[in-house]
Amino acid sequence: MKLITKNTTFKTLAHQWLKEKQTLVTPSTHASFVLITENHLLPNLGKKKISDITESDIQDFIFYLFNSGRLDNDGGLTVKTIRDIILVLRLTLNYAYKERIIDALNWDLIEYPKDLKIKKVIALSKDEEQMLIQTIYLNLTRKSVGILLTLFTGLRIGELCGLQMSDISLIDKTITVNKTVQRIYDKSNKTSYIHIGHPKTKSSQRTIPVPSLLMNIIKKFYTNNPNHFFLTGKMSPTEPRVYRQFFSRFVKKYKLTPVKFHELRHTFAIRAIEISDFDIKSLSEILGHKNVSFTLNVYGRANLQQKIKCMNLLNDLL
């Protein structure tokens, strides 16, 4: 371990912090820390002495990221991305503070730009969804059934790729989400590898009831080997990138509405909100969100038709 002093550069501190963190966080989280450090923090703060970094420096850095922080030199980053970057900066500097090398910074002084862009949730309409479902029925394969699984359970693509036969209960008609498949990029070695690990948060580990009709379809592709992955029927999984490519080809081949795979998850959530008896707490848990507030923030303003329906109930008062 290198001796860290007030005159140590941020680059040296960051590399030591990353090395210590490697055994304390998941591989995907560590890979994310490394990318943020190498792509954003070191080019801007790497040469500064850690004792010289002030709240003003961090504020200027935030404005730089917001105005021109994209790596392709095509404008600035979103406020969410900036917050992720500053979190890694804060964790790194706090490491030096806990070792009593530098004074604590007042992070309450740090401000973020207002993100005035309205984030629109993109999802399939009911007609578009029905066209997709009918096309899948006419072309049932393991991979096409995977599309149905996300449409009717809201699974994330990594969770879908990690689904094994042992996670499917034909008796209880449930699936258990306890792993996710990711391709992790190791920037230091300039290589990547497939990682199968636990979901990032506790709320993402969940058991989801499956509609009876969908479970009947799943049964057609169920094997008795608990270690088989559902999408492949083999001991090895497909990776998210490959499955996204399959979905794009499927949509294009049958001339369906082009959407990103993650927008199937949005479609599930919006269809659920449209059903009056489908309560938001159940939806939040099925989606694996950390709390109901997060679910409402994402999907609360997504359903205009539901708002129209609610407002028309006031006609009785006129």
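Definitions and limits used
- Residues numbered from 1 in each chain as written.
- Predicted model: local features only at pLDDT ≥ 70, side-chain atom pairs only at ≥ 80, totals over all residues.
- Heavy atoms only, no water.
- Pairing = 2+ DSSP bridges.
- Helix = DSSP H or I, 4+ residues; strand = E, 2+ residues; numbered from the N terminus.
- Contact = heavy atoms within 4.5 Å.
- Salt bridge = Lys/Arg side-chain N within 4 Å of Asp/Glu carboxyl O.
- Buried < 20%, exposed > 50% of the residue type's maximum accessible area, 1.4 Å probe, protein only.
- Core = buried A, V, L, I, M, F, W, Y, C linked by side-chain atoms within 4.5 Å.
- Arc of directions from axis to C-beta.
- Phe/Tyr/Trp six-rings, centres within 6.5 Å; stacked < 30°, edge-to-face > 60°.
- Lys NZ or Arg CZ within 6 Å of the ring centre and 35° of its normal.

A word on the pairing of strand S3 (residues 180-186)
Where S3 lies against strand S4 (residues 191-197), 7 bridges are found, and the strand directions are antiparallel. Residue pairing in the sheet places isoleucine 184 in a bridge with tyrosine 193 of S4. Taking the residues that link successive antiparallel strands as the turn, the S3-S4 hairpin has 4 residues, and the phi of lysine 190 there is positive, at about 55°.

Overview of the sheet that holds strand S2 (residues 174-177)
Strand order in the open sheet made by the 3 strands is S1-S2-S5, with antiparallel pairing throughout. On the outer flanks of this sheet lie strand S1 (168-169) and strand S5 (206-209), each paired with one strand and no other. Taken together, the 2 bridges between S1 and S2 define a ladder with antiparallel strand orientation. By the bridge assignment for S2, serine 169 is matched with threonine 174.

Here's the deal with the environment of leucine 264
Relative to the elements of secondary structure, leucine 264 occurs in helix H10 (residues 262-274). For leucine 264 and glutamate 129, which are 135 residues apart along the polypeptide, the C-alpha to C-alpha distance reads 8.9 Å. Leaving out residues up to four positions away in the same chain, leucine 264 has contacts with Leu124, Leu132, Ile147, Thr150, Leu151, Phe247 and Val259.

A look at the pattern of salt bridges
Under the definition given, this model contains 12 salt bridges. Between lysine 80 and aspartate 84 there is a salt bridge, with its nearest N and O atoms 3.3 Å apart. One end of the pair, lysine 80, and the other, aspartate 84, are both in helix H4 (residues 79-98), 4 residues apart, so they sit about a helical turn from each other. Looking at lysine 80, the relative accessible area reads 54%, which means it is exposed. By relative accessible area, which is 34% here, aspartate 84 ends up partly exposed. The network of salt bridges with common partners includes Lys126, Glu129, Arg271 and Glu274.

Section: the nonpolar core
Counting residues in each nonpolar core, the largest one holds 46 residues, and the members touching the most others are Leu132, Ile147, Ile218, Phe230, Tyr243 and Leu264. By size, the runner-up hydrophobic cluster in this structure holds 32 residues, among which are Leu42, Ile62, Leu65 and Leu89.

A word on helix H8 (residues 212-219)
Among the residues of H8, Leu214, Met215, Ile217 and Ile218 are the ones counted as buried. End-on, the buried residues of H8 take up no more than an arc of 155°, which puts them together on one face. Contacts from the buried residues of H8 go to helix H5 (126-138), helix H6 (142-153), S1 and S2.

With respect to the packing of aromatic side chains
A complete count under the given rule lists 6 aromatic pairs for this structure. Summarising the aromatic geometry, the rings of tyrosine 243 and phenylalanine 246 are spaced 5.4 Å apart at their centres and angled 35° between planes, so their arrangement reads as tilted. Of the two residues, tyrosine 243 and phenylalanine 246 are both situated in helix H9 (residues 240-253); the distance of 3 residues between them amounts to about one turn of the helix. Just as tyrosine 243 is buried, phenylalanine 246 falls in that class too. Each residue in the set Tyr243, Phe246, Phe247, Phe250, Tyr254 and Phe261 is aromatic and connected to the rest through ring pairs, giving one cluster. Of note, arginine 83 hangs over the ring of tyrosine 112, and the distance from its end group to the ring centre comes to 4.0 Å.

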